Amino acid sequence: MEFKNALFYILSAILVIAALRVVTARNPVHAVLFLVLAFFNASGLWLLLQAEFLAIALIVVYVGAVMVLFLFVVMMLDINLERLRQGFWNNLWLGGPIAVLMVVEMVAVLSVRSFGIEAMPAPPASAAGYSNTKELGVAIYTEYVYPFELASVILLVALIAAVALNLRQRKDTKQMNPADQIAVKRKDRVRIVSMPAEKE
Amino acid sequence: MESTVLQFFQWFWNLFGLWDALWALVEPVWPLIWVLMKIVAIIVPLMLTVAYLTLAERKVIGYMQVRIGPNRVGPMGLLQPIADGMKLFFKEVLVPSGANKSLFLFGPILAIAPALAAWAVVPFFDGGALANIDAGLLYILAMTSMGIYGIIIAGWASNSKYPFLGAMRSSAQMVSYEIAMGLALICVLMVSNSLNLTEIVRAQDRGWFADHGVGFLSWNWLPLLPMFFVYFISGVAETGRAPFDVIEGESEIVAGHMVEYSGMAFAMFFLAEYANMILVATLTSTLFLGGWLSPVGFLPDGFFWLALKISFFLLIYLWIRATFPRYRYDQIMRLGWKVFIPLTLVWIAFIGTWMVSPWNVFK
């Protein structure tokens, strides 16, 4: 137990520091990399809670795919920090109270009885052959099948919308048809003629 | 195995009469030491295999092109990898003045760490994995998807054009092929009913063919034949090897993300690439060709078979490098998105239908 506690504190400390650096880092690429570190440590915390499927899915989906594309975009941006900071004092009157409100709400939710350590006892030890992944799958495809399918359809709509919004056909681009390219035979491109040698 | 090792240590240190004193000191941390010993037992042979894979690559491609290949250092050139390693080890690691120094040095580390960490769940024989975890397949997916950060960070931190182009190409390519790879793996876990790699191998030892002594016909490659090809080809694309090597593309962008690297920092990328090749070969053998299982009933199972299957896939890696020209970039994207992903989706539906039909053979 002692080792687990130590691990929890180490992971949490790195998580908090990384999350702070996400908002304080001057270089946007560094900020994204700190966000990756934060995800990684959050996944470690979930592993400690024996939620191995969720923990690894967090890494596969967010660290492995989403953040890669994020990094991809951020690296190509030309961000001028001075310009970004110009509106700081003008927007503070709105941003400040919202931040305070969020902190108050978090404290209100997390400090009530229902979230205390008595209300959330450690999960009972799982039986041999218990598979976290299987339990999750059963729950999703039986009890929560409609919300799950609804979420999938919404994601699909968003996906198609994103493609449709970005698909602008230019008139002057030259397009190739790969199937035609692959189907090309030698006799379509080269004509071999037999020609007797000629004297000058 | 643990008790055998302990008995050996007891016998050895008792020769000097030191066992009792030593054991009192070591006992509290013994599990840690035992795990470290197992890690060393995996990493050291892996690194040696990487070293000799580079030699095998040059030799095999040499023979395929009617050349001899390296034959000067040691008998038949067998010490060539050692000489290459020494050279890289003693070279200076240059950091370009415009580079982001900390990230520039962090890139190679981030490339090699996941390439080694993924080996933790690979079973080498029945029960012979460092960590026999339930979500082993997911863990492998997570670790292999991390490897791309090393390349992107290296490309960006070099602050140079060719590395940056290489990083852009690699991130697009890896994200595309990861999807096809993941969907192919879904078929495997459907028929095996498990994410645990040891269980996946054991599931391939069941069925009518396995009972009649021709086990190789009950392995996953037969019912999942298209997925077998999709997985291996995606694996080749993931490791950025020819014919998918536009990431390095030496005739276009010199060496991609590795342009500015020298010495050991360069060698780290090299080690990671070859360790990933061996990992893909191992996973293809484990998931589709029955891992440590023997192909026929009258021969015993064991690590020997896994090594044989890995060597076969590594040879194919080298063979296709010597055979095919490099893909054009739009063709790579087309193959990934328009051929592999629809094919895997159709095969998932097919396997699902098969499994609920009366002809289900995966039980």
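The preceding data block contains the structure.
Residues numbered from 1 in each chain as written. Chains lettered and ligands numbered in written order. Predicted model: local features only at pLDDT ≥ 70, side-chain atom pairs only at ≥ 80, totals over all residues. Heavy atoms only, no water.

Draft legend 1. Main features of the pattern of salt bridges. All names here are of chain B. Under the criterion given, the structure shown has seven salt bridges over all chains. For E199, the salt bridge identified is with R202, shortest N-O distance 3.1 Å. Here the residue E199 and the residue R202 both occupy positions in helix α8 (residues 197-203), the gap between them amounting to three residues, near one helical turn. With relative accessibility at 31%, the residue E199 sits in the partly exposed group. A salt bridge links R241 to E273; its shortest N-O distance comes to 3.1 Å. One end of the pair, R241, is in the loop between α10 (225-238) and α11 (250-253); the other, E273, is in helix α12 (residues 263-288), with 32 residues separating them in the sequence. Summarising the burial analysis for this pair, R241 and E273 share the class buried. Three or more residues are tied together by salt bridges with common partners; here these are E57, R241, E273 and R321. (Salt bridge = Lys/Arg side-chain N within 4 Å of Asp/Glu carboxyl O. Helix = DSSP H or I, 4+ residues; strand = E, 2+ residues; numbered from the N terminus. Buried < 20%, exposed > 50% of the residue type's maximum accessible area, 1.4 Å probe, protein only.)

Draft legend 2. Representation of the interface of chain B and chain A within the structure. Contacts between chain B and chain A engage 27 residues on the former and 28 residues on the latter. Of all residues in chain B, L138, Y149 and W156 of chain B bury the most surface against chain A, accounting for 24% of the area lost on that side. Linking chain B with chain A are zero salt bridges. The interface formed by chain B and chain A includes three residue pairs in polar contact (both at pLDDT 80 or more). Listing elements by their share of the side of chain B that touches chain A, those giving two or more residues are α6 (136-157), α7 (161-192) and α14 (329-356) of chain B. For the side of chain B that touches chain A, the leading source of residues is α6 of chain B, giving 11 residues. Among the residues making up the side of chain B that touches chain A, the classes are represented as 17 nonpolar, five polar and five charged. (Contact = heavy atoms within 4.5 Å. Buried area = accessible area lost by both parts, 1.4 Å probe. Polar contact = N/O pair within 3.5 Å; in protein donor to acceptor, adjacent residues only side chain to side chain. Nonpolar A, V, L, I, M, F, W, Y, C, P; charged D, E, K, R; others polar.)

Draft legend 3. Structural view of the packing of aromatic side chains. All names here are of chain B. Within the structure shown, the criterion is met by 23 aromatic pairs over all chains. With a centroid separation of 4.2 Å and an interplanar angle of 0 degrees, the aromatic rings of F104 and Y261 are classed as stacked. In this pair, F104 is assigned in helix α5 (residues 101-117) and Y261 in the loop between α11 and α12, connecting sequence segments 157 residues apart. The exposure class assigned to F104 is buried, which follows from its relative accessible area of 0%. By relative accessible area, which is 6% here, Y261 ends up buried. Ring geometry for F270 and Y274: centres 5.1 Å apart, planes at 35 degrees, overall tilted. Residue F270 and its partner Y274 are both found in helix α12; the two are separated by four residues, about one turn of the helix. One aromatic cluster is present, built from ring pairs that chain together F228, F229, Y231, F232, F288, F312, F313 and Y317. (Phe/Tyr/Trp six-rings, centres within 6.5 Å; stacked < 30°, edge-to-face > 60°.)

Geometry only, nothing functional implied.
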